[in-house]
Amino acid sequence: MKKYILSLAVASLFYTKSDACAWSDPDYDYFNLFTQSIIKDKSYLPFLHSYSSRFYGGYNPSLIPDDNIETWKKYFNNQLSYADTSNLVYKIGINDLNALKKGTPTNPLLQKLGTGFYQKYKEGIDYLIEAKYLEPYMSINYIESENSFYYDRDANRANATSLNYDKTIAALASLYNAARNPEIKQRYGYQLVRFNHYTRNYDSAAQAFKTYVEPIKLKSTVYFMALDQLAGAQRGLEKNSDANWNFFQVFMNSKDRKESAFISMKLSDTASFSNIMKRAGTNEEKNMAYFLLGYEDFNNPIPIMEKMYDINPDSEILKVMAARSINELERSYLPTYYYTSDAAQKTSAKENSAENTSKDGSADKTNSEVKEEKLSLWQKIVRFFKNLFGGSKSDKTGNNAKNDQSDDELFNNPDRIPFYNRTAYYYDEKTQDFLDSLEKFTDKTKEKSKDEYWQIADAYLKFLKKDYKESTEILNEIKTTNPEYLEEIKRMKVLNDIVSQPKIDAAYEDHLMKDYAEYFVEKKVEKDTVNTERYDYYGDAPSTADFLKDVIANRYFLQGEDGKSFLMNNKLSDLQYNPNSSLVKSVEDFYRKPNKTQFEQQIIAKNMDSVGNIDAFFSTIYGDRAMRLADFEKAKSYYEKAQKFAGIPRVNYDWTEKEGEKITPKQYTSEEYDGFDNISSLVFGHNVWESFGSQDSESMKAENYSDFPFIKDNMNKLQLTDVLIQLKKIGNGNDEKAARANQLIGNLLYNTSILGYYRQLFVMDIDNSNGGKYDFWNTDRKNPYKYYYKNFLDTSYIEPDNFDLTISYYQKALKLSNNKEEKARILFQMASAEQGKYYQYEAKNQLKYDYSDPKWSEKEDAHQKELNNLRNQKYRTYFAQLKAQYSDTETTKNLMGSCSYFNYFMR
């Protein structure tokens, strides 16, 4: 067990800052607009900034050349391409090389090289034959101990000890002595050092380096390959300081061994980099040591960067530090999602499940069941955003008002905020100071360095500070032929143009399509061949195009063009999840807008995805809203236009071993509720217990419908409005039948409210399972979104229920009824609806806790006591009346037996 614990400890060395949630990838939580990988020396790509893994991985590994292959390619006088050289060294088998040696090659590449190739490069080919013979055995032998931090390995796996030690050493020494080419000679020396290291003959490995490698006097790739093996042996001898220094030399002088050398340094000496600095003699060594110190302790890299600048302002590793610093700032300034604390905090009055079974529709819950979702992380947004952009404001219908408002008028609206403004999203003074310090540093460095990189970096920092004009001026002055630099400059000019645009009108939309269509017209996305597993799990990383879409969505939002803003980040079918009437109306207005611009047609309207009949889709939503307002005639007028409704657009997810995941549109059966058809007459009944997960026949009980033969067992929404219109007409009478008609209407309104079993019927849902739609909303603002609708599914955006309407129908029924038992039932239903009013009040009056306050728990208890008193004083009207006047009825006695809280209240 001990070795596994130690394995985890070692693994922790390879990872930097990460999220506590296993499903979260911090490298996908921000917009990476500045391309870190434009550094010229690609061997430092692994040391760019990443929170997801120990080393940066967002690049094609082929960008970092293999030192060994480049050296072989040079040995063969560049007669072979890089790919062919790699094939020859790593892939072509030992038998093929022996065939070449005999003059009878069969491998196509070796045939192409011809038989003379062996005679020309005899020593090199003979070395490759020996190296390919040794390679399967070249791993260290695993020795298990209680302190071992290696994972178990296959005991039968070949390793260096599988070879005869004396014979192997003798053979390699003989080949070394016979070789005449210094480079090939040194390669045999490398094999001698490696073989001794992997057989754990550490002293012999160190001696082999002195005997066979150093005398060659070549400090090329092979030398550092051997030095890497020497350092490993020194670590085995616990000469950690020497091992660390040699790993440092490998790091500094190789391209493809930097990662492994860095890890080896970190493992060999806990004070690794400080000790390196003490031994550093040349400016190059000091510069590299500073880089490693800055890389490891990245809290404030500017002082280290200043020292590196003093040594060499043109240093490539200084650019790596700058790229990392800019990337760190992006994580504060450019999050992929913007939230607002008041909108994101929701209260759920009920935890709904099959086990939540307070009998007969218990109308009350304790505070512990009214849970608050707190997103304190986002409360830092309070200091957000000043007056920068312009635009128009929407009128109350969601349509555009006249564009004659000043910027102050627009941006003093606390409900609509421009984002990516002067203050960082995760704001603190350290972040701002860091940006200011880095800007001063790049300003200085761009004047002294000959590399245009620093001008690009400086321009980008001006972009982060929202000085778009100066950023663009700097970019326009850059003269370069570097294709990566040119691409970055081009993209940054686009960013400056679009983000600085205060208003998106038709003319600007035409400009977007004419000049920047590549950022908005979707292309087929190829899988990330570098890391397909990560791609499959997280999808595409946030891109510049995604960022620009968000900016434009925000501008539309500020301008009051909510429909366009919504469709920049969502599909039409997504309205089902939050069918708010005003937003739906704005989306419909865009749908019906004539003469759309090319941008509106190709970029926005493409998200008007398949919902069957679009007119019927809108009409169903409007009809549902009218039903919740008890405007049955209006609802009927909409439902008459919705008869071609194709069903709420859901999808089925199927997975097979052969085909993987398959997504298909949901096909509703003829008996299944689809958002319009198949509504049970039990919608007019009442609870016998509260269990949303049970069948309606178990949770609901029908009333006596004998006076109303037009109530069918199964109805669609249009038929339901016909029933309600008739009931409403009958309810205008003065008899018992009128009382029952009003009671049935009250039942329907309660049963389709947030508290009722059929709460899904008029909110575009297919069942009553718990979700955001069934949360009590704790804000007075009608629109919980402040920036855009990208986070559309993160909070509830459905108009709240009007429980007064429900109560008004029950009051009519109570007034007209002469049946004491029925009156008791009606009063209990009224009390249930009254509790809905209380939940709404409680949700809007949550105490804002400061959990650093040592008395927060006492304050919470006091606040809860206050709410309890208010509930008893103001929201127990009908319970009190039921207790005072109807406690002797059979209905009341039955309710006491099935509803525990009611029983407690009655006692």
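Residues numbered from 1 in each chain as written. Predicted model: local features only at pLDDT ≥ 70, side-chain atom pairs only at ≥ 80, totals over all residues. Heavy atoms only, no water.

1. Describing the overall build of the protein
Phase 1: Along the backbone of the protein there are 40 helices and nine strands.
Phase 2: Sorting the 907 residues of the protein into buried and exposed places 54% on the buried side.
Phase 3: For the protein, the proportion of contacts with a sequence separation of at least 24, taken over those separated by at least 6, is 70%.
Phase 4: Just so you have it, the protein exposes about 41600 Å², and 48% of that area is on carbon and sulfur atoms. (Helix = DSSP H or I, 4+ residues; strand = E, 2+ residues; numbered from the N terminus. Buried < 20%, exposed > 50% of the residue type's maximum accessible area, 1.4 Å probe, protein only. Contact = heavy atoms within 4.5 Å. Areas by Shrake-Rupley, 256 points an atom, 1.4 Å probe, with all protein chains shown as cover.)

2. A word on the confidence of the model for the protein
Phase 1: On average, residues of the protein score 84 in pLDDT, and 82% of them are at 70 or above.
Phase 2: The low-confidence segment residues 1–22, where pLDDT is below 50, has 38 contacts with residues more than four positions distant or belonging to other chains. (pLDDT = per-residue confidence, 0-100.)

3. Focus on the environment of Thr 752
Phase 1: Note that Thr 752 resides in the loop between α34 (736–751) and β9 (776–777).
Phase 2: Through-space distance from the C-alpha of Thr 752 to that of Met 627 is 9.4 Å; in sequence the pair is 125 residues apart.
Phase 3: Sequence-distant contacts of Thr 752, that is, excluding residues within four places in its chain, are made with Val 683, Tyr 758, Arg 759, Leu 761 and Phe 762.
Phase 4: A distance of 2.7 Å separates the side chain of Thr 752 from the backbone oxygen of Leu 748, its partner in a polar contact.
Phase 5: Reaching out from Thr 752, the side chain makes a polar contact with the backbone oxygen of Leu 749 at a distance of 3.4 Å. (Polar contact = N/O pair within 3.5 Å; in protein donor to acceptor, adjacent residues only side chain to side chain.)

4. Comments concerning the packing of helix α36 (residues 820–844) against helix α37 (residues 856–874)
Phase 1: The interhelical angle for the contact between α36 and α37, taken along N-to-C directions, is 150 degrees, at an axis separation of 11 Å. The orientation of α36 relative to α37 falls into the category roughly antiparallel. As α36 runs across α37, the sense of the crossing is right-handed. Across the interface between the two elements, Glu 834, Gln 835, Tyr 838, Tyr 841 and Glu 842 of α36 pack against Gln 864, Leu 867, Leu 870, Arg 871 and Lys 874 of α37.
Phase 2: Tallied by class, residues from the contact of α36 with α37 come to four nonpolar, two polar and four charged. (Axes fitted to C-alpha atoms, helices over the stretch in contact; angles between N-to-C directions. Parallel < 35°, antiparallel > 145°, perpendicular 65-115°, else oblique. Left-handed = near helix turned anticlockwise from the far one by under 90°. Nonpolar A, V, L, I, M, F, W, Y, C, P; charged D, E, K, R; others polar.)

5. Examining a nonpolar patch on the surface
Phase 1: Where nonpolar side chains cluster on the molecular surface, the patch consists of Val 651, Tyr 653 and Ile 663 and spans about 310 Å² of accessible area.
Phase 2: In this structure, Ile 663 sits in strand β4 (residues 660–665). (Patch = residues over 30% accessible without salt bridge, like charges linked within 9 Å, V, L, I, M, F, W, Y side chains within 5 Å. Salt bridge = Lys/Arg side-chain N within 4 Å of Asp/Glu carboxyl O.)

6. Structural notes on the pattern of salt bridges
Phase 1: Tallied over the entire structure, the rule returns 50 salt bridges.
Phase 2: Notably, a salt bridge pairs Glu 135 with Arg 194, separated by 3.0 Å at the nearest N-O pair. Linking Glu 135 in the loop between α7 (122–134) and α8 (165–178) with Arg 194 in helix α9 (residues 182–198), this pair joins segments that are 59 residues apart in sequence.
Phase 3: Of the residues examined, Glu 135 reaches a relative accessible area of 42% and is grouped as partly exposed.
Phase 4: In this structure, Glu 473 engages Lys 469 in a salt bridge whose closest nitrogen and oxygen atoms are separated by 2.8 Å. Of the two residues, Glu 473 and Lys 469 both sit in helix α22 (residues 468–477), four residues apart, roughly one turn of that helix.
Phase 5: Of the residues examined, Glu 473 reaches a relative accessible area of 38% and is grouped as partly exposed.
Phase 6: A relative accessible area of 60% means that Lys 469 is categorised as exposed.
Phase 7: One continuous salt-bridge network, built from bridges that share partners, spans Asp 436, Glu 439, Asp 443, Lys 446, Asp 458, Lys 462 and Lys 465.

7. A few points about the pairing of strand β3 (residues 651–656)
Phase 1: Sheet topology places β3 next to β4; six bridges connect them, and they run antiparallel. For Trp 655, the partnering residue across the bridge sits in β4 and is Glu 661.
Phase 2: Between the end of β3 and the start of β4, which pair antiparallel, lie three residues. (Pairing = 2+ DSSP bridges.)

8. Focus on helix α10 (residues 202–213)
Phase 1: Relative to the 16 Å expected for twelve residues at 1.5 Å per residue, α10 spans 16 Å between its end C-alpha atoms, a close match to the ideal helical length.
Phase 2: Those residues of α10 that fall on the buried side of the exposure criterion are Tyr 202, Ala 205, Ala 208, Phe 209, Tyr 212 and Val 213. For α10, the buried positions fall inside an angular range of 105 degrees around the axis, keeping them on one side. Seen from the open side of α10, the exposed residues pointing more than 90 degrees away from its buried face are Asp 203 and Lys 210. (Expected span 1.5 Å × (residues − 1). Arc of directions from axis to C-beta.)

9. Examining the side chain of Thr 442
Phase 1: If you trace the backbone, Thr 442 turns up in helix α20 (residues 429–448).
Phase 2: Here Glu 439 takes part through its backbone oxygen, which lies 3.0 Å from a polar atom of the side chain of Thr 442.
Phase 3: With sequence-adjacent residues up to four places away left out, Thr 442 is seen in contact with Trp 454, Ala 457, Asp 458 and Leu 461.

10. Focus: unusual backbone geometry
As a rule of thumb, non-glycine residues mostly have phi less than zero, and peptide bonds are mostly trans rather than cis.
Phase 1: Of note, Asn 78 is a non-glycine position whose phi angle comes to about 55 degrees, a positive value.
Phase 2: Here Asn 78 shows up in the loop between α2 (67–75) and α3 (82–91).

11. Description of the nonpolar core
One recurring pattern in soluble globular proteins: nonpolar side chains tend to sit buried together.
Phase 1: Phe 291 and Phe 684 are the most contacted members of the largest nonpolar core, which has 205 residues in total.
Phase 2: What Phe 291 contacts, discounting residues up to four positions off in sequence, is Tyr 44, Phe 47, Phe 251, Met 308, Ile 317, Val 320 and Met 321. (Core = buried A, V, L, I, M, F, W, Y, C linked by side-chain atoms within 4.5 Å.)

12. Description of the packing of aromatic side chains
Phase 1: Per the counting criterion, the structure on display carries 56 aromatic pairs.
Phase 2: Look at Tyr 223 and Phe 224: their rings are 5.0 Å apart centre to centre, the planes differ by 90 degrees, and that puts the pair in the edge-to-face class.
Phase 3: Taking relative accessible area as the criterion, Phe 224 reaches 8% and is therefore assigned buried.
Phase 4: Between the aromatic rings of Tyr 838 and Tyr 875, the centroid separation amounts to 5.5 Å while the plane-to-plane angle is 65 degrees, which identifies the pairing as edge-to-face. On the criterion of sequence distance, the pair formed by Tyr 838 in helix α36 and Tyr 875 in the loop between α37 and α38 (877–886) is long-range, its members being 37 residues apart. (Phe/Tyr/Trp six-rings, centres within 6.5 Å; stacked < 30°, edge-to-face > 60°.)

13. Topic: α8
Phase 1: With 14 residues, α8 ought to run about 20 Å at 1.5 Å a step, and its terminal C-alpha atoms sit 20 Å apart, in line with that.
Phase 2: Listed as buried for α8 are Thr 168, Ile 169, Leu 172, Ala 173 and Tyr 176. The arc that holds every buried residue of α8, seen down its axis, measures 125 degrees, which confines them to one face. Along α8, exposed side chains directed more than 90 degrees from the buried face belong to Asp 166 and Lys 167.

14. What about the packing of α22 against helix α23 (residues 483–499)?
Phase 1: Between α22 and α23, the least distance of the axes is 10 Å, while the angle of their chain directions is 155 degrees. With respect to each other, α22 and α23 are oriented roughly antiparallel. Along this stretch, α22 crosses α23, giving a crossing that reads as left-handed. Touching Tyr 468, Ser 471, Thr 472, Leu 475 and Asn 476 of α22 are Ile 489, Met 492, Lys 493, Asn 496 and Val 499, all from α23.
Phase 2: When grouped by side-chain class, the residues that make up the contact of α22 with α23 number five nonpolar, four polar and one charged.

15. A few points about the side chain of Arg 187
Phase 1: Relative to the elements of secondary structure, Arg 187 occurs in helix α9.
Phase 2: Look at Arg 187 and you get buried, because its relative accessible area is 2%.
Phase 3: Those residues within four positions of Arg 187 in sequence are excluded, and the remaining contacts are Asn 68, Thr 71, Trp 72, Tyr 127, Val 222 and Met 225.

16. Topic: the environment of Ser 887
Phase 1: Position of Ser 887 relative to the elements: it lies in the loop between α38 and α39 (890–898).
Phase 2: Separated by 63 residues in the primary sequence, Ser 887 and Ala 824 have C-alpha atoms spaced 8.5 Å apart.
Phase 3: Engagement of the side chain of Ser 887 in a polar contact is seen with the backbone oxygen of Lys 883, the distance being 3.5 Å.

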